[in-house]
Amino acid sequence: LNASITALEADLATTLSDMNESMDTVWMLVAAMLVFFMHAGFSVLEAGCVRFKNTQNIMAKNLMVVTVGFLSWYVVGYSVALGVSPTPNRFAGSGGSLMDGFWDDKSLFRVWFFQGAFCATGATIVSGAMAERTQLGGFTAFTVLMTCAIYPIVIYWGWSGQGIFSYPENGASKSLVGPALMDFAGSGLVHLVGGIGALVGAIMVGPRCGRWDEDEDGEFEAHNIPFCILGTFFLWFGWYGFNPGSTLQMHTAQDGYTASIVAVNTTLAPCCAALVVFALRALVCEPKKLDVGGMCNGVLAGLVSITGPCAFVKSFEAVIIGLVGGCIYQAASMGMRKAKL
């Protein structure tokens, strides 16, 4: 009888372990697919924002980000970002290139896909900032650099558990400047990296030809506002994979509670940011008009603002974060126009 009970307990433990592993895998795959779908949002949004004659070019760049970006992640990016070395350092990872070792630990496949979708998103951010004034070849070269080196190194610093922003010391997580970085889904590690790349790229290539000529002012308006709105909703929808999916597992009640509060905060912050931008442009900032395109950018500003702290703040704090994020976006937008970038 004791032998039968022991065998039953072992079988139950194996079944429970398999079920947990399956639930984690399904959760991460669905989340990764939602993040992947964000590329449809980027494509439609950017196509609506540029002039009609440049829509095919911007669509080609978004396709290039996904195709070249994932291949770069396969060959080099994953290894640098999350590769495990017998002698880890604080700068970059090694191991796992070309999926080396994945067949020994098949759970790595879901991590590769989920984090690869994040990596491609970081590169896509740059395409919109340099739209209508960057050749496809040059942007493709940048995509390779971004997905092979720039983004993976920063991810290693913050999310590998061994990098300069978060590493173990005396049983606690530390960083070079004190407490370890807390960035749940990537406000800094994903969006700030892409945003800095976008800003530097925009400065380097300069404004579009004739962009700041007074007689050409209306020439550069978004040619398709419905595309802008649809793309924004696509991105917002994909963000529910980006943020809740960053729990990286879903087999306990606490995982479900965390994902729930993350989803709530991912809803509240962009609502507040969008409304504050819309109100500022309608009532305060010249030329004081209803700006639906600006409201779309406000949604994205709120989403980016809440991505890092989404699992660590209460709902009213998410509202405040959204309001502040919207104000910062509006100030940055006005600054960009002032600098004529």
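Throughout, a residue's number is its position along its own chain's written sequence, starting from 1. Given that this is a predicted model, residues contribute local features only at a pLDDT of at least 70 and side-chain atom pairs are listed and counted only at 80 or more, while totals for whole chains, interfaces and linings are drawn from all residues. Remark: hydrogens and water are excluded; side-chain values derive from all non-hydrogen atoms of the structure.

## Description of the packing of helix 7 (residues 253-283) against helix 8 (residues 292-307)
Part 1: Packing of helix 7 against helix 8 brings their axes to within 7 Å, and their N-to-C directions diverge by 145°. Crossing of helix 7 over helix 8 shows right-handed handedness. Where helix 7 abuts helix 8, its residues Asn265, Thr266, Ala269, Pro270, Ala273, Ala274, Leu275, Val277, Phe278 and Arg281 lie against Val292, Gly294, Met295, Gly298, Val299, Gly302, Leu303 and Ile306.
Part 2: Residues are grouped as follows: Ala, Val, Leu, Ile, Met, Phe, Trp, Tyr, Cys and Pro are nonpolar; Asp, Glu, Lys and Arg are charged; all remaining types, including Gly, are polar. Grouping the constituent residues of the contact of helix 7 with helix 8 by class yields 12 nonpolar, five polar and one charged. Note on method: axes are straight lines fitted to C-alpha atoms, helices fitted across the in-contact stretch only, with angles between N-to-C directions ranging 0 to 180 degrees. Helix and strand assignments come from DSSP, with helices taken as H or I runs of at least 4 residues and strands as E runs of at least 2, each series counted from the N terminus. Crossing handedness follows the turn of the near helix against the far one: under a right angle anticlockwise gives a left-handed crossing, and clockwise gives a right-handed one. Every residue pair with non-hydrogen atoms within 4.5 Å of one another is taken to be in contact.

## Considerations on helix 2 (residues 55-82)
Residue pairs three or four apart in sequence face the same way in an α-helix, which turns once every 3.6 residues.
Part 1: Here the expected length of a helix is defined as 1.5 Å per residue gap, with one fewer gap than residues. For helix 2, with 28 residues, the first-to-last C-alpha span of 35 Å runs short of the 40 Å given by 1.5 Å per residue.
Part 2: Values of bend correspond, residue by residue, to the angle between axes fitted over the seven residues ending at that residue and the seven starting there. A bend of about 60° at Tyr74 is the largest found in helix 2.

## Remarks on the layout of surface pockets
Part 1: As a volume, the second largest pocket reaches approximately 340 Å³.
Part 2: Gln115, Trp159, Phe184, Ser246 and Leu248 are, among the 14 residues lining the second largest pocket, the residues nearest its centre.
Part 3: Here the lining of the second largest pocket takes four residues from helix 3 (residues 108-129), the largest share from any one element.
Part 4: Among the residues forming the lining of the second largest pocket, the class breakdown is 10 nonpolar, four polar and no charged. The definitions used throughout rest on a 1 Å grid laid over the protein atoms alone, on which a cavity is an enclosed set of points accommodating a 1.4 Å probe that cannot get out and a pocket is an open set flanked by protein within 12 Å on both sides along at least five of seven lines; lining residues are those having an atom within 4 Å of a point. Grid points are joined across faces, edges and corners, and a volume is the space filled by probe spheres set on the points.

## Re the packing of aromatic side chains
Part 1: Paired rings are identified among Phe, Tyr and Trp, the last through its six-membered ring, by centres lying within 6.5 Å, and are further divided according to the angle between planes into stacked (under 30 degrees), edge-to-face (over 60) and tilted (the rest). This structure, assessed with the given rule, holds 17 aromatic pairs.
Part 2: Between Phe102 and Phe109, the ring centres sit 5.4 Å apart and the planes meet at 80°, which makes this aromatic pair edge-to-face.
Part 3: On the accessibility criterion, Phe109 (27% relative accessible area) is partly exposed.
Part 4: Each residue in the set Trp73, Tyr78, Phe102, Trp103 and Phe109 is aromatic and connected to the rest through ring pairs, giving one cluster.
Part 5: The ring of Tyr167 carries Arg90 above its face, with NZ or CZ at 4.0 Å from the centroid. The classification of residues rests on relative accessible area computed with a 1.4 Å probe and restricted to protein chains. Under 20% of the type maximum is buried, over 50% is exposed, and intermediate values are partly exposed. In this scheme, Lys NZ or Arg CZ marks a charge over a ring once it lies within 6 Å of the ring centre and within 35 degrees of the ring normal.

## Details of unusual backbone geometry
Part 1: Between Glu286 and Pro287 the backbone carries a cis peptide bond, its omega angle lying at 5°.
Part 2: The backbone of Lys340 sits at a positive phi, close to 55°, despite the residue not being glycine.
Part 3: One can find Lys340 in the segment after helix 9 (315-339).

## Regarding the sheet that holds strand 1 (residues 167-169)
Part 1: Each pair of strands is called paired provided DSSP finds at least two bridges between the two strands. Sheet architecture is open: three strands sit in the order 1-2-3, paired in antiparallel fashion. Two strands in the sheet have a free side with no partner beyond their single neighbour: strand 1 and strand 3 (178-179).
Part 2: With three bridges connecting them, strand 1 and strand 2 (residues 172-175) associate as antiparallel partners. The residue of strand 2 that forms the bridge with Pro168 is Ser173.

## Re the environment of Val200
Part 1: Within the secondary structure layout, Val200 lies in helix 5 (residues 187-205).
Part 2: Among the residues examined, Val200 registers a relative accessible area of 41% and is labelled partly exposed.
Part 3: Linking Val200 and Ser333, residues 133 residues apart in sequence, is a C-alpha distance of 15 Å.

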